[in-house]
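Structure assessment
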Amino acid sequence: MSVFGQGILAFGGSTSYENFYQKGMWNTTYVLMKEEAEKKIKKKDLYSKMLNQVLENINIEVISFEKEYNFQKVENEALSYLLGKKEYLQKENKKALYHLLKVSKKSSYYPESRLIISQIYNKENQDEKLKGSIKECILSSLIQKKRYKHDLNTLKYYDSILNNCTMIIGRKAFNEAQMEKSLKFFSVIDKRSVTFINTLLEKSWIYYFQKKYNRTLGLLATFKSPLLKDRFYPEAEYLTILSNYRLCLWNEVSDLSEKSINKFNKNLEQLKNLEKLDREKMLKMIFQNKPTEKIDGNNFTQSFLKSINNNPKFQFALNQLKKINDEYAIIKKLKKTKKRDTLLTLLKNHKEQNLGLLFDMTKKQISLYQEQVNKFENSILELKIRTLERKKESIIGRNNQSDLKIQNENIEIDVKENEHFWKFDGEFWADEIGDYSFSIKSNCEKDKKNEV
């Protein structure tokens, strides 16, 4: 990119956005087009066409930090996507559809626009429209994945959209009590995908409602594997305890509940300290905590920040920040003039907005985790209390039969042709992650025999 500074952008010539547009300096073009929009656009058709390409090549989410959308008066697909997403988050589904349906197949925002549309149709039980939007989402995501097969971060982004569309179908089948159909859809998601862990939780719940608690516990064992040693999932902790409860394993429930609650409290304390940091310090910690860096799994703060750094959207935003820095460095090398200094100021402000976006993403993840912990901690406490009651009833031999209608699973496990029993000594085979099953005997029948 350094060649751009060799007289090509000399300020003796045109310094309008067209000049930077031709050189592919998208962020510089954007800040100048924004200035133009606040004045009077002379050639609206040309402006709209160029703006659309610019917004396809920058982090469009940063526009959310603008006080108002100055480009609204310009017909533009990328902005239609952004406005639609904004309306959806505000639960204005009708308005969201109005904007999102304007996004055409040629736009890079088409897959995600169809994902949001599918979520709307699913909530409104518009099954026929849902089928169409899901199909469009999947096909367009596959096209984009092929297009960006050499760009790992962008590839992961479209892969997550593809899988989220697939998961909508799986969740719908689950809500309609079509468990096997739901499992089928969740099982097609690649284990290398960033959304696989969410799929694993979904499948675990399906097996739980099928009363296949050993299958549930087997899948949840993945969360204890070296692959996820630096992560922590409150929902997985809760479902593990709940499955042990259904097997009437009172001692295990009490022990796991105590450990989880202690872990919850320690993690929340670390998050409180993290929240006290200003933007500069927090982002510095994330940038230094690289995805490939080996860290101490006991340090929850590091683990939490690493998970944020691994997020495709965060990585995409981070890459855009690097591009802004590159363009800033090019312009800074040019001859010092008032126009150059103005442009540097505009880029600096744009960079600040991108940093604000990264900071906002981090704060949202902190808030989401806190909500999950509070939700599942209360559920675990309830299970702990109920377990104490069951243990007491078991000891004095006065079990309440109506509360214990659990079948003894023994060790009867459905095994498919490509599945095998294996002595588990702590090994985790990469290709079997998410496919394990335990062979624990239920104690519920034993407790029933103690009834008076």
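Above: the structure in question.
Residues numbered from 1 in each chain as written. Predicted model: local features only at pLDDT ≥ 70, side-chain atom pairs only at ≥ 80, totals over all residues. Heavy atoms only, no water.

**As for the overall build of the protein chain**
In terms of helices and strands, the protein chain carries 18 helices and zero strands. Within the protein chain, counting contacts between residues at least 6 apart in sequence, those at least 24 apart form 66% of the total. Accessible surface, the protein chain: about 25,200 Å² in total, of which carbon and sulfur atoms supply 50%. (Helix = DSSP H or I, 4+ residues; strand = E, 2+ residues; numbered from the N terminus. Contact = heavy atoms within 4.5 Å. Areas by Shrake-Rupley, 256 points an atom, 1.4 Å probe, with all protein chains shown as cover.)

**Some words on the packing of helix H10 (residues 196-209) against helix H12 (residues 234-246)**
Axes are the key here: two packed helices are described by the angle between their axes and the distance separating the axes. Orientation of H10 relative to H12, taken along the N-to-C sense of each, is 15°, at an axis distance of 11 Å. Taken together, the axis directions place H10 and H12 in an arrangement best described as roughly parallel. Of the two elements, H10 crosses H12, and the hand of that crossing is left-handed. Packed against H10, whose contacting residues are Leu201, Ser204, Trp205 and Tyr208, the element H12 presents Glu235, Ala236, Tyr238, Leu239, Leu242, Ser243 and Arg246 at the interface. Residue classes in the contact of H10 with H12 are distributed as seven nonpolar, two polar and two charged. (Axes fitted to C-alpha atoms, helices over the stretch in contact; angles between N-to-C directions. Parallel < 35°, antiparallel > 145°, perpendicular 65-115°, else oblique. Left-handed = near helix turned anticlockwise from the far one by under 90°. Nonpolar A, V, L, I, M, F, W, Y, C, P; charged D, E, K, R; others polar.)

**A short note on the state of the cysteines**
What we call a disulfide is simply a covalent bond connecting the sulfur atoms of a pair of cysteines. Going through the model one piece at a time under the given rule, you end up with two disulfides. Between the sulfur atoms of Cys137 and its disulfide partner Cys165 the distance amounts to 1.8 Å. One disulfide, between Cys137 and Cys165, carries an S-S torsion of 80° and so falls in the right-handed class. Here Cys165 lies in helix H8 (residues 152-175) and Cys137 lies in helix H7 (residues 127-147), a separation of 28 residues in the sequence. Using a relative accessible area of 0% as the deciding quantity, one classes Cys165 as buried. What links to what in the protein chain: the bonded cysteines, counted in sequence order, pair as 1-2, 3-4. (Disulfide = S-S within 2.5 Å. Buried < 20%, exposed > 50% of the residue type's maximum accessible area, 1.4 Å probe, protein only.)

**Digging into the packing of aromatic side chains**
Tallied over the entire structure, the rule returns 20 aromatic pairs. Centroid distance Tyr21 to Trp26: 5.8 Å. Interplanar angle 80°. Geometry classified as edge-to-face. The exposure class of Tyr21 is buried, given its relative accessible area of 18%. Consider the rings of Phe300 and Tyr369, whose centres lie 5.1 Å apart with planes at 40°: the pair is tilted. Of this pair, Phe300 sits in helix H15 (residues 300-309) while Tyr369 sits in helix H17 (residues 338-396), and the two are 69 residues apart along the sequence. Each member of the aromatic cluster is reached from another via a ring pair, and the members are Phe174, Trp205, Tyr208, Phe209, Tyr213, Tyr238 and Phe376. (Phe/Tyr/Trp six-rings, centres within 6.5 Å; stacked < 30°, edge-to-face > 60°.)

**Structural notes on the nonpolar core**
With 60 residues, the main nonpolar core has Phe223 and Phe304 as its most contacted residues. If you tally residues by element for this core, the top one is H17, at eleven residues. If near-sequence neighbours (up to four positions away) are discounted, Phe304 is found in contact with Leu271, Leu274, Gln365, Ile366 and Tyr369. In this structure, Leu97, Tyr109, Tyr110 and Ile117 belong to the second largest nonpolar core, which totals 50 residues. (Core = buried A, V, L, I, M, F, W, Y, C linked by side-chain atoms within 4.5 Å.)

**So, helix H9 (residues 179-187)**
Here H9 has its buried residues at Met179, Ser182, Leu183 and Phe186. Down the axis of H9, the smallest arc covering the buried residues is 100°, so these residues share one side. On its buried side, H9 packs onto H8 and H10. (Arc of directions from axis to C-beta.)

**Focus: the packing of H10 against helix H11 (residues 213-220)**
The N-to-C vectors of H10 and H11 enclose an angle of 165°; their axes lie 7 Å apart at closest approach. With respect to H11, the element H10 is oriented roughly antiparallel. Classified by chirality, the crossing of H11 by H10 is left-handed. Across from Leu200, Leu201, Lys203, Ser204, Tyr207 and Tyr208 in H10, the residues of H11 making contact are Tyr213, Arg215, Thr216, Leu219 and Leu220. Each residue belonging to the contact of H10 with H11 can be placed in one class, and the counts come to seven nonpolar, two polar and two charged.

**Thoughts on the pattern of salt bridges**
Applying the stated rule across the entire model yields 19 salt bridges. The closest approach of N and O atoms between Asp159 and Lys145, which form a salt bridge, is 2.9 Å. Here Asp159, found in helix H8, pairs with Lys145, found in helix H7; they are 14 residues apart in sequence, far enough to count as distant. Where Arg386 meets Glu382, a salt bridge forms, and the shortest distance between an N and an O atom there is 3.8 Å. Here Arg386 and its partner Glu382 are both found in helix H17, four residues apart, which amounts to about one turn of the helix. (Salt bridge = Lys/Arg side-chain N within 4 Å of Asp/Glu carboxyl O.)

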